[in-house]
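Notes for the structure review
Now for the letters of each chain:
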Amino acid sequence: MTPARRVRAEVTDDVDAGRGPHCATLARRRGDPMLGTAAPGRRWLLIEHPAGWARAALDSSGFTPALADLLQRTALEIGGRVLLVRRPGRRAHRDVTVDPLRWAVVDVDGSQRWGTWRTEADLEEAAWVLRVDGRPAAAETHPPLLLVCTHGTHDVCCAMRGRPVAAALAAVWPEQTWECSHVGGDRFAANLLMLPDGTVYGGLDATDAVQTVRQHLAGAVSPEHLRGFSPYPPVVQAALAAVLRERGPAAATDVRPRSVHETGAGEWVVGVAGQAPLPATTTVRVRRSVQPPARLTCAAQRDEPAYVYTADVVE
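Below you will find a few notes about this structure. (Residues numbered from 1 in each chain as written. Predicted model: local features only at pLDDT ≥ 70, side-chain atom pairs only at ≥ 80, totals over all residues. Heavy atoms only, no water.)

1. Description of the overall build of the protein chain
The condition that has to hold: Only DSSP runs of H or I covering at least 4 residues are called helices, and only runs of E covering at least 2 are called strands; the numbering of each starts at the N terminus. Contacts: residue pairs with any heavy atoms within 4.5 Å of one another. Per-residue accessibility takes into account occlusion by the displayed protein chains alone, with areas from the Shrake-Rupley method and a 1.4 Å probe.
Looking only at helices and strands, one finds 7 helices and 15 strands in the protein chain. In the protein chain, the share of contacts with a sequence separation of at least 24, taken over all contacts with a separation of at least 6, comes to 65%. Within the structure as shown, the protein chain displays about 14,100 Å² of accessible surface, and the carbon and sulfur contribution to it stands at 53%.

In C-alpha cells:
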C-alpha cells in the first residue's frame, strides 16, 4: 500500500480499543478549525536523537535531569523551543564515537548554526548558543528545514499519520526532512513545522504534504492546511493568514503585524504590513470563540473546549 493510500485508510479505520476513533480522526470529522493554533517559538534548538523518545522528549535516554532542566530553562528564557529530531525510516544502531549526532540552533531571522554532540558537554554548548546568539557567519547558508511530528509516545496520531508524511517528504527533500518531537496540536496530525520561518501546517497526508511544501518553498502559503505562524500569538496568526488567503498567494515572510488593538471581549483589529504582491497595509478583524468540549488528544481523560479564531479582511 502506498503512503497516501495508507493514510486514507487510517482516517476511517484507526480505532482505540474501547475508546473509538483516534483524536485526529475525530477532529477531521468535526471539522475542527486549525487557524491560530501554532505553538509559539522564535528560535529552536534541534537535537538529533535517533533512539526512542519518552512522552516528555527530554526525559529520553541520553539526557540527565540536570541537562534536561538546562535545555528547557534556556528555551523558556528566550521564547524558544527544544525539539528532538531524527531522519525518517528505520534506524540502525549508530556509533556516536565514529559518527556524532547533530544539533542546530535555528532562528526565525533565517540563521542556522549547526554542531555535533557526543556528550552532555556538547549539548551544554548548544544551550549556550541558543541563549546567546544563533546567528552564523554571513557566508554560511542552509536550505529550509521540514520537520514532521512523529512523536508517538506523546500521541499515537502523531506517529500513525506523521511517519508516512515524513517518508513522502524525505523522498523529495532527503537532506531537509526530519521527524521531530511534539510540536502541539495532536488532533491536527500530521503536523509539519517549516523552519526558519516557523509556519505550521496540519491535517496533512502523504500526497498533499508534498504539494503544500512545493508551494511554500515557491513562496505561496497553502491556506487549506495552514495552522499558523510560530513567531506570533494566535490573534496575529489568524490575521496574517486572512491576508494571505484573501490577497495572496504570497510567502509567510511577506506579511508582518503593524498593530494589534483589542476592541472588545474576544475581538481585535490587526493592522498587517505586506510586501509586494500584497498591499502595503491591510486591516483585519479577528474574533475568538470557544469550540464545544471535545476529545482533543488521544490521552485525554475528558472532553475539553478549545479556542477558535476567525479573521476577516475589512480594508
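2. Details of the nonpolar core
Let me state the cut-off plainly: Working definition of a nonpolar core: buried Ala, Val, Leu, Ile, Met, Phe, Trp, Tyr and Cys residues. They are joined through side-chain atoms within 4.5 Å. Each residue is assigned to one of three classes by its accessible area relative to the maximum for its type, calculated with a 1.4 Å probe on protein chains only: buried under 20%, partly exposed between the two thresholds, exposed over 50%.
Core analysis: the biggest nonpolar cluster contains 40 residues, and Leu169, Leu192, Val272, Val284 and Val286 have the highest contact counts within it. Here this core gets 9 residues from one element, more than from any other, and that element is helix 7 (residues 234–247). For Val286, the contacting residues outside a window of four places in its chain are Val235, Ala238, Ala239, Gly266, Glu267, Trp268, Val270, Tyr309, Thr310 and Ala311. Among the nonpolar cores identified, the runner-up in size contains 22 residues, and Leu45, Trp117, Ala126 and Val129 belong to it.

3. Details of the sheet that holds strand 14 (residues 281–294)
Selection criterion: Two strands make a pair as long as DSSP finds a minimum of two bridges between them. Interaxial angles span 0 to 180 degrees and are taken between N-to-C directions of axes, which are lines fitted to C-alpha atoms, for helices over the stretch in contact.
Pairing is antiparallel in the open sheet, where 4 strands are placed in the order 12-13-14-15. Only two strands of the sheet have a single neighbouring strand rather than two, namely strand 12 (255–264) and strand 15 (304–313). Across this sheet, the average inter-strand angle for adjacent strands is 30°, counted without regard to direction. Here strand 13 (residues 267–274) pairs with strand 14 via 7 bridges, running antiparallel. Paired with Trp268 across the two strands is Val286, which belongs to strand 14. Packing against the sheet, helix 7 makes contact with strand 12, strand 13, strand 14 and strand 15, and its axis sits at approximately 45° to strand 15.

4. Focus: the pairing of strand 3 (residues 43–48)
Here strand 3 lies mainly inside the structure; 6 of its 6 residues are buried. Neither face of strand 3 is exposed, since Arg43, Leu45 and Ile47 on one face and Trp44, Leu46 and Glu48 on the opposite face are all buried. When strand 3 meets strand 4 (residues 80–86), the two strands line up parallel, connected through 6 bridges. Bridge pairing in strand 4 links Leu46 to Leu83. In this sheet, strand 5 (residues 101–107) lies alongside strand 3 in antiparallel orientation, the contact comprising 5 bridges. The partner of Leu45 across the bridge, within strand 5, is Val105.

5. Quick look at the pattern of salt bridges
Using the following cut-off: Any carboxyl oxygen of Asp or Glu that lies within 4 Å of a side-chain nitrogen of Lys or Arg is treated as forming a salt bridge with it.
Scanning the model with the defined rule gives 10 salt bridges in all. Salt-bridge contacts for Arg43 lead to Asp107; the nearest nitrogen and oxygen are separated by 2.7 Å. Highlighted residues: Arg43 in strand 3 and Asp107 in strand 5, separated in sequence by 64 residues. Look at Arg43 and you get buried, because its relative accessible area is 14%. Asp107 gets classed as buried once you look at its relative accessible area, which sits at 9%.

6. Overview of helix 3 (residues 65–77)
Put simply, the test is: Given a helix with a known number of residues, its expected span is that number minus one, times 1.5 Å.
Its 13 residues give helix 3 an end-to-end C-alpha distance of 18 Å, which sits within 8% of 18 Å, the value for a rise of 1.5 Å per residue. Tucked into the core, helix 3 has its buried residues touching strand 3, strand 4 and helix 4 (120–132). Of the residues flanking the end of helix 3, it is Gly79, one or two places downstream, whose phi is positive at about 70°.

7. A short note on the packing of helix 5 (residues 156–172) against helix 6 (residues 206–217)
Heads up, the condition is: When describing relative orientation, an angle under 35 degrees is termed roughly parallel and one over 145 degrees roughly antiparallel, while 65 to 115 degrees is termed roughly perpendicular and anything else oblique. What makes a crossing left-handed is the near helix being turned counterclockwise from the far one by less than a right angle; a clockwise turn instead makes it right-handed. Only Asp, Glu, Lys and Arg are considered charged in this grouping, and only Ala, Val, Leu, Ile, Met, Phe, Trp, Tyr, Cys and Pro are considered nonpolar; every other residue, Gly among them, is considered polar.
Here helix 5 crosses helix 6 at 45°, and the two axes come no closer than 8 Å. Regarding the angle of helix 5 to helix 6, the classification is oblique. As for how helix 5 packs across helix 6, the hand of that crossing is right-handed. Of the residues in helix 6, those in contact with Pro164, Val165, Ala168, Leu169 and Val172 of helix 5 are Ala206, Ala209, Val210, Val213 and Arg214. A class-by-class count of the residues in the contact of helix 5 with helix 6 yields 9 nonpolar, no polar and 1 charged.

8. A look at the side chain of Gln237
The condition is simple: Here a polar contact is taken to be a pair of N or O atoms separated by no more than 3.5 Å, where protein atoms must pair a possible hydrogen donor with a possible acceptor and residues adjacent in sequence count only if both atoms sit in side chains.
Assignment of secondary structure puts Gln237 in helix 7. Using a relative accessible area of 1% as the deciding quantity, one classes Gln237 as buried. In terms of polar contacts, Gln237 uses its side chain to reach the backbone amide nitrogen of Phe229, at 3.3 Å. Dropping the residues within four chain positions of it, Gln237 is found in contact with Gly36, Thr37, Ala38, Arg227, Gly228, Phe229 and Tyr232.

9. What to know about the environment of Asn191
Tracing the chain through its elements places Asn191 in the loop between strand 8 (177–180) and strand 9 (192–195). Between the alpha carbons of Asn191 and Ala209 there is a distance of 9.5 Å; along the sequence they are 18 residues apart. Within the structure, Asn191 has its side chain in polar contact with the backbone oxygen of Gly185 (distance 2.9 Å).

10. A few points about the sheet that holds strand 5
The 9 strands lie next to each other as 6-5-3-4-8-7-9-10-11, forming an open sheet whose pairing is mixed. Of all strands in the sheet, those with a lone pairing partner are strand 6 (112–117) and strand 11 (226–229), marking the two edges. The average angle at which neighbouring strand axes cross in this sheet is 30°, direction not considered. Packed on one face of the sheet, helix 3 meets strand 3 and strand 4 and runs near 130° to strand 4.

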